[in-house]
Amino acid sequence: MRELVFALKYEPDCNRVADTLADHPDASIRSLSLHVTEERLWRVDHATGTPDALADIENAFLNSDYYADCLATEDCDATQSTQVLDHTDDTLVLYSYWERTPLCSSIPHIARDHLGDGLLFDTRHESRHYTWRIIHSGEGDVSGFFNELETAVGDCAQMEMLRTAAASTPPSNRDSSATELSPEQEAALQAAVEHGYYESPREVDVSELAEHLDAPRSTLTYRLRRAEEHLAKRYVAREQLPDEPSTPL
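Residues numbered from 1 in each chain as written. Predicted model: local features only at pLDDT ≥ 70, side-chain atom pairs only at ≥ 80, totals over all residues. Heavy atoms only, no water.

Chemist: Could you clarify how one ought to interpret the pairing of strand E7 (residues 129-136) in this entry?
Modeler: Walk down a regular strand and you will see the side chains alternate between the two sheet faces. Burial analysis of E7 places seven of its eight residues in the buried class, which makes it a mostly covered element. Both strand E1 (residues 2-10) and E7 contribute to a ladder of eight bridges, which runs antiparallel. Pairing of Val-5 across the sheet is with Arg-133, part of E7. Of the strand pairs in this sheet, strand E6 (residues 120-126) and E7 are connected by seven bridges, and their pairing is antiparallel. For Glu-126, the partnering residue across the bridge sits in E7 and is His-129. As consecutive antiparallel partners, E6 and E7 are separated by two residues, and within that stretch Ser-127 has a phi angle of approximately 50°, a positive value. (Buried < 20%, exposed > 50% of the residue type's maximum accessible area, 1.4 Å probe, protein only. Helix = DSSP H or I, 4+ residues; strand = E, 2+ residues; numbered from the N terminus. Pairing = 2+ DSSP bridges.)

What follows is the structure, given as structure tokens:
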């Protein structure tokens, strides 16, 4: 099995959910389940944030002119519906169902066309960044997938490849190193360390670090979060490995 991990950074006014999350930088949406057939797509998403953020996210899902996952730039006449499964002060769970038309396009459908059936999807949406992880057999046309995706996205989003490799497995030994960060994440993390972002007290804040790197603040924050998440998960996975057996004397 292989995995593809990439992110789209949406431009303003191209994706209503991205615009909403950009207004609430501490909110995020992750997929709990996502399934696709040739003509249909259905998914369950879990959003977290302040009550105001969740209200705006719910409104974006329920009242968008067309389904948020569709890459079309105008109404494609798809039949779609969204239902709220749960809504508390800090949690929102949404179920979405979509029947596409010939005008519709989406990342899951493009992936299915080029990578085959039996795909597993994992997504996370923060601010204007929409990160996708796709597990596939490794027998499809990855280049064809990205070429069509780039065409479908057009000028609405920038695409950033984060990783393409064998599907992640727990580290086989304690000497494994976290070498699966994207070059952009590595650069952000290295700059953060060098300029004292992780010192206590901090010697620079995110805005100052972003200015030094000549990168948007939201982009730098996203890259640091993803790098920190990756390193934390690697560390915990190592700590949970059983102790290596001692060599008998």
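What follows continues from the structure just given.
Chemist: Any chance you could explain the packing of aromatic side chains here in plain terms?
Modeler: Working definition: an aromatic ring pair is given by the centre-to-centre distance plus the angle between the planes. Throughout the structure, instances matching the rule amount to six aromatic pairs. Here Tyr-130 and Trp-132 contribute two aromatic rings whose centre-to-centre distance is 5.2 Å and whose plane-to-plane angle is 50°, an arrangement assigned as tilted. For the pair Tyr-130 and Trp-132, a shared accessibility class is recorded, and that class is buried. Through successive ring pairs, a cluster of aromatic residues spans Phe-6, Phe-145 and Phe-146. (Phe/Tyr/Trp six-rings, centres within 6.5 Å; stacked < 30°, edge-to-face > 60°.)

Chemist: Just to check I follow, could you spell out the packing of helix H1 (residues 16-23) against helix H2 (residues 51-63) for this structure?
Modeler: To describe two helices that pack against each other, one gives the angle between their axes and the distance between the axes. Interhelical geometry of H1 versus H2 gives an angle of 170° and a closest axis separation of 9 Å. Between H1 and H2, the interaxial angle falls into the category roughly antiparallel. Of the residues in H2, those in contact with Arg-16, Val-17, Thr-20 and Leu-21 of H1 are Asp-56, Ile-57, Asn-59, Ala-60, Phe-61 and Asn-63. (Axes fitted to C-alpha atoms, helices over the stretch in contact; angles between N-to-C directions. Parallel < 35°, antiparallel > 145°, perpendicular 65-115°, else oblique. Contact = heavy atoms within 4.5 Å.)

Chemist: Honestly, the confidence of the model for the chain in this entry has me stumped. Any pointers?
Modeler: Detailed conclusions should not be drawn from predicted coordinates in areas where pLDDT is low. Across the chain, the average pLDDT comes to 83, with 87% of residues at or above 70. Across residues 170-179, confidence stays below pLDDT 50; counting only partners more than four residues off in sequence or on other chains, it has 20 contacts. Every residue in residues 244-249 scores below 50 in pLDDT, and together they form one contact with partners more than four places removed in sequence or on other chains. (pLDDT = per-residue confidence, 0-100.)

Chemist: I'm lost on the sheet that holds strand E8 (residues 157-166) in this one. Help?
Modeler: Hydrogen bonds between backbone groups are what pair the strands of a sheet, and the pairing can be parallel or antiparallel. The eight strands are arranged E4-E5-E3-E2-E6-E7-E1-E8 in an open sheet whose pairing can be described as antiparallel. Since the sheet does not close on itself, it has two edges, and those belong to strand E4 (79-87) and E8, each with one partner. Strand-to-strand, the axes of this sheet are offset by a mean angle of 15°, without reference to chain direction. Where strand E3 (residues 40-48) lies against strand E5 (residues 91-99), nine bridges are found, and the strand directions are antiparallel. Within the sheet, the bridge partner assigned to Asp-45 lies in E5 and is Leu-94. In the packing of helix H4 (residues 142-153) onto the sheet, the strands contacted are E1, E7 and E8, and the crossing angle to E1 comes to about 10°.

Chemist: I keep staring at unusual backbone geometry and nothing clicks. Help me out?
Modeler: For the bond running from Ser-200 to Pro-201, omega is 0°, close enough to zero to count as cis. As for its position among the elements, Pro-201 is in the loop between helix H5 (183-194) and helix H6 (206-213). Positioned with a positive phi, Asp-13 is a non-glycine residue whose angle comes to about 70°. Examined against the element boundaries, Asp-13 turns out to sit in the loop between E1 and H1.

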